Amino acid sequence: MSTPKTLFDKVWDAHVIRQVDDGPDVLFIDRHFIHEVTSPVAFLGLEGRGASVLFNQRTFATADHNTPTLNQHLPVADPLSANQLAALERNANRYNISHWGLGHQKNGIVHVVGPENGITLPGMTIVCGDSHTSTHGAFGAIAFGIGTSEVEMVLATQCIMQPKPQKMRISVNGTLGKGVLPKDVALYIISQISASGATGYFVEYAGDVFRTMSMEGRMTVCNMSIEMGARGGMVAPDTTALNYLNGRDLAPKGEDWDKLVPYWESLRTDEGATFDQDLTFDAADIEPQITYGTNPGLGTGVTRQIPLAEAVKDGAASYKKSLAYMGFAENETMIGKPVDFVFLGSCTNGRIEDFRAFASIVKGRKKADSVTAWLVPGSHIVEAQIKEEGILDVLTEAGFALRQPGCSACLAMNEDKIPAGKYAVSTSNRNFEGRQGPGARTLLASPLVAAAAAVTGVVSDPRELM
Amino acid sequence: MAYDKFTILRSAAVPMPIENVDTDQIIPARFLKATERKGFGDNLFRDWRYNNDDTPKADFVLNNPTYAGEEQSRKILVGGKNFGSGSSREHAAWAIYDYGFRCVVSSFFADIFKGNCLNVGILPVTVSPEFADKIFAAIDADPNTELEINLPAQTVTLLATGESESFGINGYKKHNLVNGYDDIDYLLSMKSEIEQFATTRPY
């Protein structure tokens, strides 16, 4: 009998072309996503070396990071953004790479459009010049973010050179309580192990909670893996994953699909396989979460107080700097804090389930006058579904408007910037200083907590509105 | 892109004893709109370094003439724990390199940032938390105190006292940095092996 292997080992080992002596593994990459921000310099580098794209059909381009979310039919007003978008299109055309640019019906956030079109499949290695590439791990792929030098490597050689990370399993057992969403699970784990608690590791999510979680939910959790420092996170592919992918536009069809199913079903951690770290949490301990500081590890239950400096893993000086930036103090209660902006969207929470959750709270209520709300679907496909399901009507009646797809206020590269000093409850992934605009103050939360803030104008417990 | 070869570096250092310095602080997203790799050093730590009206913030270390300022010639940045977390933007490493640093020292680096540094010719040196404290204390006592980073020997030394610690790096990456090579050169040399491997993939 062969040595028991983890899911991660099975996928990683199947992609190693060479193990460099006293060095990294040469890892073959099945799928490569590119966008307008981190690819132009890679193409320049390629040209500088006189190299070309080795396998153009393994790379997919979409524009998302700095696209506007209003009036996408008009020319992009910011000349620098327009220049990057043009560069992406030019490079894609030159090397005959699939390009879903602004205005294309398949356009959207790279980590939303990959899975929803069946480009992402179990057992793949997937990279992109974006740290939230970890999202695709929800399907049992090894997916992680890379730098621009590595984008150039993948274009030129379809490989990167990486030391094999250590392995961590995070199990959450039991049943999630009322109003607790996958985002809360992710924020809770990060608050327990800190924003660097999984650095150096690749995570497998296991246990009851993930087995019964939808694909949208698994994507949210895997997406946030990088916020605990992990390179990526993955969930073993099961019927939920295969049902989600089967029939998607670019997924294999018919016999091609059937032939892959036995392989995909073998992609699970063997009994007896070992992890470098094995953590277990109880679902019953998780309540709706909100962050109060400037890294994703500084979060707590929405009904709780901001912890004292002694109780957090960050050093006291860094913690106090963080609270000062937020305009908060130790021991303050989060409930009732005023909210100026609400952002629903991003590769973390820009999918249909997120809009369903948001709508479930705002239905029959009205947006608070003091709140500016930006609701940004992750893709045109999500946008169409919002309309088909009647969610747009619910949102409109409650005083909300829908914007057009893109990364938007998550990183504020386009016009969607939270003004300095203002508080935003955001369903995105990072609450770093200035992340959503210079001086902006971000409180990360689930779509339910965001919706509760949007209708009350303050941080609120969504369970009281359900 | 070619970078300076790295062997032995002696320099005073710029101290930044802040934890969780993320890449959004190193270079905010709004400065990622270039399509060429140049000028990123001007926006290194932009929002910590400048006010909204572009005037320098006097209390930020890069504006402090004791450590940096316009005549900045220090090659070593010493950061707090979990340096370079967050976004994968290689622009963060480009900005650090373009500003003039060749080495970042910390007790703990975020993974992607560390890899990006190695790929652009910056040496990330991981020291023990105790040695990091010693370095900060030494700079505190004498802002001009020098560090020696010896890549072939894999040591970091406080020259004033001779206190030294060794650091880890794999032999392959070390060879690359010492010679100014990069991964793409290596990978291009195995093209036929890669093409053969690709035919075995189910998708």
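No experiment lies behind these values; they were computed from the predicted model shown.

**Student:** Before we move on, can you summarise the overall build of chain B with the specific residues and values?
**Tutor:** Helices and strands together make up the secondary structure of chain B, namely 8 helices and 7 strands. Relative to a compact globule of 203 residues, whose C-alpha radius of gyration would be 17 Å, chain B shows 18 Å and is just as compact. Based on the C-alpha atoms only, the size of chain B along its principal axes is roughly 60 × 45 × 25 Å. Across the 203 residues in chain B, those meeting the buried criterion constitute 44%. Considering only residue pairs separated by 6 or more positions, chain B has 65% of its internal contacts joining residues 24 or more positions apart.

**Student:** If you had to explain the overall build of chain A to someone new, which residues and values would you point to?
**Tutor:** When helices and strands are counted, chain A shows 16 helices and 18 strands. By the compact-globule yardstick of 23 Å for 466 residues, chain A fits well, its C-alpha radius of gyration being 21 Å. With respect to the principal axes defined by its C-alpha atoms, chain A has extents near 55 × 55 × 45 Å. When burial is assessed residue by residue, chain A has 61% of its 466 residues classed as buried. Considering only residue pairs separated by 6 or more positions, chain A has 76% of its internal contacts joining residues 24 or more positions apart.

**Student:** Any details on the domain arrangement of chain A? Residues and values, ideally.
**Tutor:** All names here are of chain A. Per the domain assignment, the segments making up chain A are domain 1 (7-162 + 243-260), domain 2 (166-238 + 268-285) and domain 3 (289-465). Just the C-alpha atoms count here: the centres of domain 1 and domain 3 sit 28 Å apart. The partner domain 3 presents 21 residues to the 20 residues of domain 1 that form the contact. Among the elements that make up the side of domain 1 that touches domain 3, the one with the highest residue count is helix α4 (residues 110-116) (4 residues). When its residues are assigned to classes, the side of domain 1 that touches domain 3 shows 5 nonpolar, 12 polar and 3 charged.

**Student:** Kindly report on the sheet that holds strand β15 (residues 341-344) of chain A, identifying the contributing residues and their values.
**Tutor:** All names here are of chain A. Read from one edge of the open sheet, 4 strands run β16-β15-β17-β18, paired in parallel fashion. Strands with a single pairing partner mark the edges of an open sheet, and in this sheet they are β16 (372-375) and β18 (441-444). For this sheet, the mean inter-axis angle between neighbouring strands, taken without regard to orientation, is 20°. Set on the sheet, helix α16 (residues 447-456) makes contact with β15, β16 and β17 (423-426); between it and β15 the angle comes to about 150°.

**Student:** With reference to specific residues and values, describe the confidence of the model for chain B.
**Tutor:** Residues of chain B with pLDDT of at least 70 account for 98%, and the chain-wide mean is 95. Note on the complex model: pTM 0.97, ipTM 0.96.

**Student:** Residue-level account of the pairing of strand β9 (residues 166-173) of chain A, with values.
**Tutor:** Residues and elements named next belong to chain A. The sheet contact formed by β9 and strand β10 (residues 201-206) spans 6 bridges and is parallel. Bridge pairing in β10 places Gln 166 opposite Tyr 201. With respect to chirality, the unit in which β9 leads through helix α6 (residues 182-193) into the neighbouring parallel β10 is right-handed.

**Student:** Lay out the pairing of strand β6 (residues 125-128) of chain A with the relevant residues and their values.
**Tutor:** Residue and element names in this part refer to chain A. Side chains of β6 alternate between two faces, with Thr 125 and Val 127 and Ile 126 and Cys 128 buried alike. Bridging between strand β3 (residues 31-34) and β6 involves 3 bridges; their strand directions are parallel. Paired with His 32 across the two strands is Val 127, which belongs to β6.

**Student:** Please provide a residue-by-residue account of the interface of chain A and chain B, values included.
**Tutor:** Where interface size is quoted, it is often the accessible area lost as the parts come together. Tallying the contact residues gives 64 residues for chain A and 51 residues for chain B. Elements that contribute at least two residues to the side of chain A that touches chain B include exactly β1 (16-19), β2 (25-28), α2 (40-49), α3 (79-95), α5 (148-157), β8 (159-162) and α10 (254-265) of chain A. The element that contributes the greatest number of residues to the side of chain A that touches chain B is α5 of chain A, accounting for 7 residues. Among the residues making up the side of chain A that touches chain B, the classes are represented as 30 nonpolar, 23 polar and 11 charged.

**Student:** So, the packing of helix α3 (residues 91-99) of chain B against helix α4 (residues 111-120) of chain B: which residues are in play, and what are the values?
**Tutor:** Each pair of packed helices can be described by the angle between their axes along with the distance between the axes. All names here are of chain B. Interhelical geometry of α3 versus α4 gives an angle of 50° and a closest axis separation of 9 Å. Taken together, the axes of α3 and α4 lie oblique to each other. Considering the relative orientation of α3 and α4, their crossing is right-handed. Within the contact between the two elements, α3 uses Ala 92, Ala 93, Trp 94 and Tyr 97 and α4 uses Phe 113, Asn 116, Cys 117 and Val 120. Tallied by class, the residues present in the contact of α3 with α4 amount to 7 nonpolar, 1 polar and no charged.

Rules and cut-offs
- Residues numbered from 1 in each chain as written.
- Chains lettered and ligands numbered in written order.
- Predicted model: local features only at pLDDT ≥ 70, side-chain atom pairs only at ≥ 80, totals over all residues.
- Helix = DSSP H or I, 4+ residues; strand = E, 2+ residues; numbered from the N terminus.
- Rg over C-alpha atoms; globule rule 2.2 N^0.38 Å.
- Buried ≥ 20, exposed ≤ 12 C-beta atoms within 10 Å, placed from the backbone.
- Contact = placed C-beta atoms within 7 Å.
- Domains from an automatic or database assignment.
- Nonpolar A, V, L, I, M, F, W, Y, C, P; charged D, E, K, R; others polar.
- Pairing = 2+ DSSP bridges.
- Axes fitted to C-alpha atoms, helices over the stretch in contact; angles between N-to-C directions.
- pLDDT = per-residue confidence, 0-100.
- Right-handed = clockwise from strand over helix to strand, strands pointing away.
- Parallel < 35°, antiparallel > 145°, perpendicular 65-115°, else oblique.
- Left-handed = near helix turned anticlockwise from the far one by under 90°.

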